[in-house]
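Topology and contacts: notes
Below, each chain spelled out in residue letters.
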Amino acid sequence: MLSVLRDRTYRRLFSAQIVALVGTGLLTVALGLLAFDLAGSNAGAVMGTALTVKMLAYVGFAPVINALVARLPKKPVLIGADLVRAAMALSLPFITEAWQIYVVIFLLQSASATFTPAFQSLIPTVLKDERDYTHALSLSRLAYDMEALVSPAVAALLLTVLSYNNLFLGTVAGFLFSAGMVAITTLPSTDAGAGASGSLWHRTTLGARIFWRNRRLRSLLALNLVVAAPTALVLVNTVVYVREVLRRPETDLALALASFGVGSMIVAVSAPRVLDRFGDRAVMLTGAALIPVALAGATAVTFLAAPGAGWWWLLGLWFLLGAGNSTILTPSSRLLRDASTEETRPYVFTAQFSLSHACYIISYPLAGWVGAAAGLGWAALALTILAILGSAAAFLSWPRHAATGAQETDTKEQSVEQPAEQPVPRRP
């Protein structure tokens, strides 16, 4: 897997991603402490609103900004987005009101909604070999999982000698490093102007229309819903499971979250070999079948476990949920690459970025609001039903075998101005 790092361009881009991710992790910790300073016992409401603002920026802003910057080369877009993120992070220590957090978070996450799809759509152009690209996807998944484990530990270590405001400087440094790595990297030339024809509305909705016309991408949209269910349960309610249901000490919260991350990392490491053998459909739909079962197990633990019992069951279920998520997330970009041309690729990756985060607008309230109003078991059950619906839609949308003519409804838009429908080469 690490052989892909021999490519200098990808190595520099991956380094930029790693450092920016750690900076973002520090931001998450520092932002929570800032919210507590400003709002005290209402810090949870401030953070909840900030996360909602983040999702709204991802869902509503990403397609529009991608359409607006379509005529620009990738390098200035990536550097500009990093500089905006650094500027917003630098302003956070000077905030004195909660509403200012929302404004800064919206601008920062809008810049992330510009950077991330552009970055992701660039990697297939850098790594044209399918095996290399699959290795890069596994490394990227590992980077996200490692960030979830490493950033809190780094933040805890730094907080022993620094105030939390200094963590924001670490975030700024991460974004500046990312911008610097992009600046010194020679990126492959892309025909930026070719993808910019048509009206702003046409370009804004292009990625979503490609999703709708391609059966595998419609399946991926349903799989995004499957992934959103366990992610919401783990991120929102793990602390409730550990402290209230199982009566475990605070330190066990980190163990439960680590179990979820370890499951994801193991799948990410093995993904290239497994995908070569079984193909995208078998691997991703296996995850779609596993997740509802594990969520049902979490529901059963909540309703049936005696107080203080079920700890090892929880660790095992969280491990399975992490593995199931990674089984879907790691290969997903292969579908996006195969269903797009170089011209339409930024729009397709942006649509995935926006539509996948829209699923969290459904799953986060189910995990939080249902859990608070009706109890944790009912929240887990609601998320289980959500995952079952997404899984069923994914199985029905993804054709079992490659087909042609009337049997195949997948299409690939070859031109932004004059979309044309053609069969897409299929992987099992």
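The structure we're discussing is the one just above.
These lines cover the structure that appears in this document, whether it is placed above or below. (Residues numbered from 1 in each chain as written. Predicted model: local features only at pLDDT ≥ 70, side-chain atom pairs only at ≥ 80, totals over all residues. Heavy atoms only, no water.)

Working definition: an aromatic ring pair is given by the centre-to-centre distance plus the angle between the planes. Under the definition given, this model contains seven aromatic pairs. Plain terms: the ring middles of Y241 and W318 are 5.3 Å apart, the flat faces sit at 75° to each other, and that makes the pair edge-to-face. Of this pair, Y241 sits in helix α8 (residues 215–245) while W318 sits in helix α10 (residues 311–338), and the two are 77 residues apart along the sequence. On the basis of relative accessibility, which here comes to 0%, the residue Y241 falls in the buried class. Judged by its relative accessible area of 0%, W318 is buried. (Phe/Tyr/Trp six-rings, centres within 6.5 Å; stacked < 30°, edge-to-face > 60°. Helix = DSSP H or I, 4+ residues; strand = E, 2+ residues; numbered from the N terminus. Buried < 20%, exposed > 50% of the residue type's maximum accessible area, 1.4 Å probe, protein only.)

Right, let's get into the packing of α8 against helix α11 (residues 345–374). Contact pair α8 / α11: the axes reach a minimum separation of 8 Å and the direction vectors enclose 40°. Between α8 and α11, the interaxial angle falls into the category oblique. Here α8 runs over α11; the crossing is right-handed. When grouped by side-chain class, the residues that make up the contact of α8 with α11 number 18 nonpolar, seven polar and no charged. (Axes fitted to C-alpha atoms, helices over the stretch in contact; angles between N-to-C directions. Parallel < 35°, antiparallel > 145°, perpendicular 65-115°, else oblique. Left-handed = near helix turned anticlockwise from the far one by under 90°. Nonpolar A, V, L, I, M, F, W, Y, C, P; charged D, E, K, R; others polar.)

The subject of this paragraph is unusual backbone geometry. The phi dihedral of R247 falls on the positive side, at around 55°, and the residue is not glycine. Tracing the backbone through its elements, the reader meets R247 in the loop between α8 and α9 (251–304). We classify R247 as exposed; its relative accessible area is 58%.

Our focus in this paragraph is a nonpolar patch on the surface. Together, F303, L304, W378, L381, I385 and L389 line one region of the surface with nonpolar side chains, adding up to about 640 Å² of accessible area. Those elements that provide at least two residues to the nonpolar patch are α9 and α12 (376–397). Per-element accounting of the nonpolar patch gives the leading share, four residues, to α12. Position of L389 among the secondary structure elements: in helix α12. Judged by relative accessible area, which is 56%, L389 ranks as exposed. (Patch = residues over 30% accessible without salt bridge, like charges linked within 9 Å, V, L, I, M, F, W, Y side chains within 5 Å. Areas by Shrake-Rupley, 256 points an atom, 1.4 Å probe, with all protein chains shown as cover. Salt bridge = Lys/Arg side-chain N within 4 Å of Asp/Glu carboxyl O.)

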